Amino acid sequence: MRVSSRGRPTPIPGPGGKGGVNGELRCRVVRRQSGDKPPGRPNWNKIPTKRDIPLLEDEWERLIERSAVKDAVHGRVMSGQSERLLVDYVSQRSPDRRRMYEILFNRYGDKLEAYNAGDGSNMRSVNGMWEYDLTEAEARLVERFMRVYAPAFETARADFLSGRRLLRDI
């Protein structure tokens, strides 16, 4: 964000003319007082960003089911491994959040607190942790992931609790 002489935010060009309104990124920059904690860097293992992982849909389904079974056996829902798998799965349709963040961070450093790319891939720092909004395409992938994960988890958990042998590999 550039600040005009009147203190109003003005847009900056996005990467390759993408993002934002008319290809611009908008961001919020804050002036920190000495002693204020900076927002920190995003954890790209937990935030979907453009990644091409060459797996077929049935391969993804097997990975998701296997992760759900492991979670059920260990008595936890959406373990760290499953969360990472979800991020990788969603990243197939994600905008390049990492690149957008890096462009703005290179310009503003730790003063960067949020950005709006106009395509729904907004990010913001909340209590030192970065949050993001899902795009419509990403939200559809999350739903598809959960349609595979949830039934596999419930079936495996019921089998495990009843003492039945699990038919799936762990």
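Given the structure is predicted, the values throughout are model-derived calculations rather than measurements.

What counts and what doesn't
Counting from 1, residues in each chain are numbered in the order their sequence is written. With pLDDT at 70 or above as the cut-off, local features in this predicted model cover only qualifying residues; side-chain atom pairs require 80 or more to be listed or tallied, and sums for whole chains, interfaces and linings still use all residues. Think of the side-chain values as coming from all heavy atoms in the structure, minus any hydrogens and water. Strands here are runs of E lasting at least two residues and helices are runs of H or I lasting at least four, both read from the DSSP assignment and numbered beginning at the N terminus. Between buried and exposed lies partly exposed: a residue is buried under 20% and exposed over 50% of the maximum accessible area for its type, with that area taken using a 1.4 Å probe on protein chains only. When checking whether two residues touch, look at their non-hydrogen atoms; a contact exists if any pair is within 4.5 Å. Per-residue and other accessible areas follow the Shrake-Rupley method at a 1.4 Å probe size, with only the shown protein chains counted as cover for residues. Working definition: rings of Phe, Tyr and Trp (its six-membered ring) pair if their centres are within 6.5 Å, and the pair is stacked with planes under 30 degrees apart, edge-to-face with planes over 60 apart, and tilted otherwise. Note on method: axes are straight lines fitted to C-alpha atoms, helices fitted across the in-contact stretch only, with angles between N-to-C directions ranging 0 to 180 degrees. Here the word oblique covers every angle except those under 35 degrees (roughly parallel), over 145 (roughly antiparallel) and from 65 to 115 (roughly perpendicular). Should the near helix be turned anticlockwise from the far one by less than a right angle, the crossing is left-handed, and should it be turned clockwise, the crossing is right-handed. Within this scheme, the nonpolar core is defined by two criteria: the residues are buried Ala, Val, Leu, Ile, Met, Phe, Trp, Tyr or Cys, and they are joined through side-chain atoms within 4.5 Å. Criterion for a salt bridge: a side-chain nitrogen of Lys or Arg within 4 Å of a carboxyl oxygen of Asp or Glu.

**Q** I tried to follow the overall build of the chain on my own but got confused; where do I start?
**A** Scanning the chain for helices and strands turns up four helices and seven strands. Along the chain, from the amino end to the carboxyl end, the secondary structure elements read β-β-β-β-α-α-α-β-β-β-α. Within the chain, the fraction of its 170 residues that count as buried is 37%. Partitioning the intrachain contacts of the chain with sequence separation of at least 6 by distance along the chain shows that 67% fall at a separation of at least 24. Total accessible area computed for the chain in this model is approximately 10500 Å², and 47% of it derives from carbon and sulfur atoms.

**Q** Even after reading the chapter, I still don't get the packing of aromatic side chains, so can you show me in this structure?
**A** Centre-to-centre distance and the angle between the planes together describe a pair of aromatic rings. Scanning the model with the defined rule gives seven aromatic pairs in all. When the centroid spacing of 6.0 Å and the interplanar angle of 50° are considered together, the rings of Y89 and F145 count as tilted. Taken together, the residues Y89 in helix α2 (residues 80-90) and F145 in helix α4 (residues 136-162) connect sequence positions 56 residues apart. Exposure remark for F145: the relative accessible area of 0% places this residue in the buried category. For the ring pair Y149 and F153, a centre distance of 6.0 Å and an interplane angle of 15° mean the geometry is stacked. Note that Y149 and F153 are positioned in helix α4 at a spacing of four residues, about one turn of the helix. Among the residues examined, F153 registers a relative accessible area of 9% and is labelled buried. Grouped by ring-pair contacts, the aromatic residues W60, Y89, F145, Y149 and F153 constitute a single cluster.

**Q** Would you mind going over the packing of helix α1 (residues 57-73) against α4 with me for this structure?
**A** Packed helices, taken two at a time, are described by the angle between their axes plus the distance between the axes. For the pair α1 and α4, the least separation of the axes is 8 Å and the interaxial angle reads 40°. Accordingly, the angle class assigned to the pair α1 and α4 is oblique. Handedness of the α1/α4 crossing: right-handed. For the pair α1 and α4, contact is made by E57, E61, I64, E65, S67, A68, V69, D71, A72 and V73 and by R144, F145, V148, Y149, A152, F153, A156, R157 and F160, respectively.

**Q** How should the side chain of D88 be read in this particular structure?
**A** With respect to the helices and strands, the residue D88 is situated in helix α2. Setting aside residues up to four positions removed in sequence, D88 forms contacts with R51, I53 and W60.

**Q** When you look at the nonpolar core in this model, what are you seeing that I'm missing?
**A** Buried together is how nonpolar side chains tend to be arranged in soluble globular proteins. Of all hydrophobic cores here, the largest spans 18 residues; its most connected members are I64, F145 and Y149. Every element with two or more residues in this core is listed here: α1, α2 and α4. Ranked by residues supplied to this core, first place goes to α4 with seven residues. Those residues in contact with F145, other than ones at most four positions away along the chain, are I64, M78, S82, L85, L86 and Y89. Grouped together as the second largest cluster of nonpolar side chains are 14 residues, W44, Y101, L104 and Y115 included.

**Q** Whenever I open this one, the pattern of salt bridges confuses me. Can you help?
**A** Where charged atoms of side chains with opposite charge meet at close range, the side chains can pair. For the structure shown, the criterion picks out ten salt bridges. Between E138 and R97 there is a salt bridge, and its shortest N-O distance comes to 2.7 Å. Of this pair, E138 sits in helix α4 while R97 is found in helix α3 (residues 97-108), placing the two residues 41 residues apart along the sequence. Here E138 falls in the buried class, since its relative accessible area comes to 0%. A salt bridge links R124 to E131; the shortest N-O distance between them is 3.8 Å.

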